[in-house]
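Fold and geometry: a report
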Amino acid sequence: MDRRTFLKLAGAIGVSAFLGIYHSDISNAIEISKTKIVWIHGAECTGCSESLLNAENPDIVQAIQKLNVDLVYHETLLAQQGIFVDGRLAGTSELNSEILLDDAIEEGGYILVVEGSIANGPNGSGKYCMYGERPFKDIFKKAAENADMILAVGMCATYGGVNAADSAITDLMDFRGVSFLKEDPSKGMLTELGISKPVINVPGCPAHPDWMLLTLAAVILGKIRVPDDLDAVLDKYDRPLVFFPADHTLHDNCPRRGFYDVGKLDTDLSGDGCLWKLGCKGPYTHSDCALRKWNGSVNMCTQAGSPCISCCEPGFPDSSSPFYEEAEDKPILFGMNADSLAKVGVGAAILAGAAHAVRRIVVDKDDEKEGGV
């Protein structure tokens, strides 16, 4: 029945009686309405899952309960013991996680969460990342085909991350993100496999627990309608604009921003000034870290004394390397880099101080005249 009929019927016969009569039907409806999540891991460090476990409000258990989520498969959190249990072959999904994953994929109707990049090498085989005897690329292909949508979490799954960084073996290994390779959407693994699915990218190394949980919640609760709303709520790299604003950077709200504005630029990590000369990439990083903060909203990288390494931008880590050296050649505003703007800031601060002093002298002179002195 629809909601209006439900309310009319419940009001007519009384809530207690209604619940008593329809208890089993309601229970079944709730059970059926569960959102299934299949969470798979490619080439990564499991840092995003660890970040998720550090969530506080809500924490992961609260989120699962409140959102009525059925976390069908998550390799790190599974209780399954593997292929053999107590020396005997485990041939059921209750004990064998490979069977559980295959059953979940076959059933379909789930949100696929991907953590970690997908190896395409060598020579398109995907065998540089294996699950037992199966390439992770093959598992991803089957899981993606049967998913309702895909949520890629962390830099590895979104844009390739550290696995796709420039090196002598990059082309041989050929690690890809789900729908991008760095800034290039034509080299994402979905394109490679010829699969079309709606994707939301939640980058970060690791991703913030709020970014992951709130994005999932928005989808599950219908606050983001997939795929209808995605063009409006995502940027050109498929990141949620609410967390990765196109018109703001981390630098805008950095706790050390005031020191930058007056040109106080630290040259060692022990100071309390702006960290630009120590390689901070905050002026080029589109994230809400400085507002949301980390560790239960207590602090964030620059607040703890570390320059931002721009781990949310698609080109990471190559685009922000070397991490602790000043990026002199990147324009921020009017063709000027951060160092030039900081010098302008010093000049502006001196001019502002001088203007304030002149104004004070003029006011004092006027006061003297009015007093007859």
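Quick look at the overall build of the protein chain
Across its full length, the protein chain holds 14 helices and 11 strands. The buried share of the protein chain, reckoned over its 373 residues, is 46%. Sequence separation of 24 or more characterises 67% of the internal contacts of the protein chain that already satisfy a separation of 6 or more. Looking at the protein chain as shown, the accessible area adds up to about 19,600 Å², and 55% of this sits on carbon and sulfur atoms.

As for the confidence of the model for the protein chain
Averaged over the protein chain, the pLDDT score is 85; the fraction of residues at 70 or greater is 77%. Ignoring residues within four places in sequence, the model shows residues 344–370, a span with pLDDT below 50, making 9 contacts including any to other chains.

Here we look at the environment of alanine 119
Relative to the helices and strands, alanine 119 is located in strand E6 (residues 118–119). For the pair alanine 119 and proline 135, spaced 16 residues apart in the sequence, the C-alpha separation amounts to 8.3 Å. The contacts of alanine 119, once residues within four sequence positions are left out, are Gly126, Tyr128, Cys129, Lys137, Met173, Asp174, Phe175 and Met189.

Considerations on a nonpolar patch on the surface
A grouping of Tyr128, Ile169 and Leu172 is seen on the molecular surface, where their side chains present a nonpolar patch of about 270 Å² in accessible area. The exposure class of leucine 172 is partly exposed, given its relative accessible area of 44%.

Examining the pattern of salt bridges
If you walk through the whole model with that rule in mind, you get 17 salt bridges. For lysine 182, the salt bridge is made with aspartate 318, and the minimal N-O distance between the two is 2.6 Å. Here the residue lysine 182 occupies a position in the loop between strand E10 (175–176) and helix H9 (189–193), and aspartate 318 occupies one in the loop between helix H13 (289–292) and helix H14 (338–370), the gap between them amounting to 136 residues. Exposure remark for lysine 182: the relative accessible area of 18% places this residue in the buried category.

Remarks on unusual backbone geometry
In the segment running from valine 226 into proline 227, the intervening peptide bond is cis, with an omega of 5°. Looking at where proline 227 falls in the secondary structure, it is placed in the loop between helix H10 (209–220) and helix H11 (230–233). A cis amide bond links serine 321 to the next residue, proline 322, at an omega of -10°. Note on placement: proline 322 falls in the loop between H13 and H14. At lysine 182, a position not held by glycine, the phi torsion is positive, near 55°. One non-glycine residue, aspartate 238, adopts positive backbone phi at about 65°.

Remarks on the packing of helix H5 (residues 97–107) against helix H6 (residues 136–146)
Closest axis-to-axis distance for the H5/H6 pair is 8 Å, and the angle between their directions is 35°. Counted together, Leu101, Ile105 and Glu106 of H5 and Ile139, Lys142, Ala143 and Asn146 of H6 form the full contact between these two elements. Class assignment of the residues belonging to the contact of H5 with H6 gives a composition of 4 nonpolar, 1 polar and 2 charged.

Quick look at the sheet that holds strand E2 (residues 69–74)
Read across the sheet, 5 strands follow the order E2-E1-E5-E9-E11 without closing on themselves; strand pairing throughout is parallel. Looking at the sheet topology across the chains shown, the edges are occupied by E2 and strand E11 (199–202). Taking the axes of each pair of neighbouring strands and ignoring which way they run, one obtains an average angle of 20° across the sheet. Together, strand E1 (35–41), E2 and strand E5 (110–115) form the strand contacts of H5, whose direction differs from that of E2 by roughly 130°. Together, E1, E5 and strand E9 (149–153) form the strand contacts of H6, whose direction differs from that of E5 by roughly 150°.

Here we look at H5
Taken together, the buried positions of H5 are Ser97, Leu100, Leu101, Ala104 and Ile105. The arc enclosing the buried residues of H5, seen along the axis, measures out at 130°, which places them on a common side. Facing away from the buried side of H5 by over 90 degrees, the exposed positions are Glu106 and Glu107. Packing partners of the buried residues in H5 comprise E1, E2, E5 and H6. Of the residues flanking the start of H5, the one acting as N-cap is asparagine 96, its side-chain oxygen 2.9 Å from the backbone nitrogen of glutamate 98. Positive backbone phi, at 75°, marks glycine 108, one or two positions downstream of H5.

Some remarks on H10
With 12 residues, H10 ought to run about 16 Å at 1.5 Å a step, and its terminal C-alpha atoms sit 16 Å apart, in line with that. Taken across its 12 residues, H10 has 11 buried, putting it largely inside the fold. Residues Pro209, Asp210, Trp211, Met212, Leu213, Thr215, Leu216, Ala217, Ala218, Val219 and Ile220 constitute the buried set of H10. Once H10 finishes, glycine 222 follows within two positions and takes phi at roughly 80°, a positive value.

Overview of the nonpolar core
Grouped together as the largest cluster of nonpolar side chains are 47 residues, with contacts concentrated most on Ile111, Val113, Val153, Ile200, Val202, Trp211 and Met212. In contact with isoleucine 200, other than residues within four places in its own chain, are Met149, Ile150, Leu151, Ala152, Thr215, Val219, Leu230, Leu234, Asp238 and Pro240. Judged by nonpolar contacts, the second largest core, of 33 residues, contains Tyr110, Ile118, Ala119 and Ile195.

A look at the packing of aromatic side chains
A complete count under the given rule lists 10 aromatic pairs for this structure. Relative to phenylalanine 323, the ring of phenylalanine 316 lies with its centre 5.8 Å away and its plane at 0°, an arrangement referred to as stacked. Overall, phenylalanine 316 belongs to the buried group, its relative accessible area being 3%. The exposure class assigned to phenylalanine 323 is partly exposed, which follows from its relative accessible area of 25%.

About the thresholds
Residues numbered from 1 in each chain as written. Predicted model: local features only at pLDDT ≥ 70, side-chain atom pairs only at ≥ 80, totals over all residues. Heavy atoms only, no water. Helix = DSSP H or I, 4+ residues; strand = E, 2+ residues; numbered from the N terminus. Buried < 20%, exposed > 50% of the residue type's maximum accessible area, 1.4 Å probe, protein only. Contact = heavy atoms within 4.5 Å. Areas by Shrake-Rupley, 256 points an atom, 1.4 Å probe, with all protein chains shown as cover. pLDDT = per-residue confidence, 0-100. Patch = residues over 30% accessible without salt bridge, like charges linked within 9 Å, V, L, I, M, F, W, Y side chains within 5 Å. Salt bridge = Lys/Arg side-chain N within 4 Å of Asp/Glu carboxyl O. Axes fitted to C-alpha atoms, helices over the stretch in contact; angles between N-to-C directions. Nonpolar A, V, L, I, M, F, W, Y, C, P; charged D, E, K, R; others polar. Pairing = 2+ DSSP bridges. Arc of directions from axis to C-beta. Polar contact = N/O pair within 3.5 Å; in protein donor to acceptor, adjacent residues only side chain to side chain. Expected span 1.5 Å × (residues − 1). Core = buried A, V, L, I, M, F, W, Y, C linked by side-chain atoms within 4.5 Å. Phe/Tyr/Trp six-rings, centres within 6.5 Å; stacked < 30°, edge-to-face > 60°.

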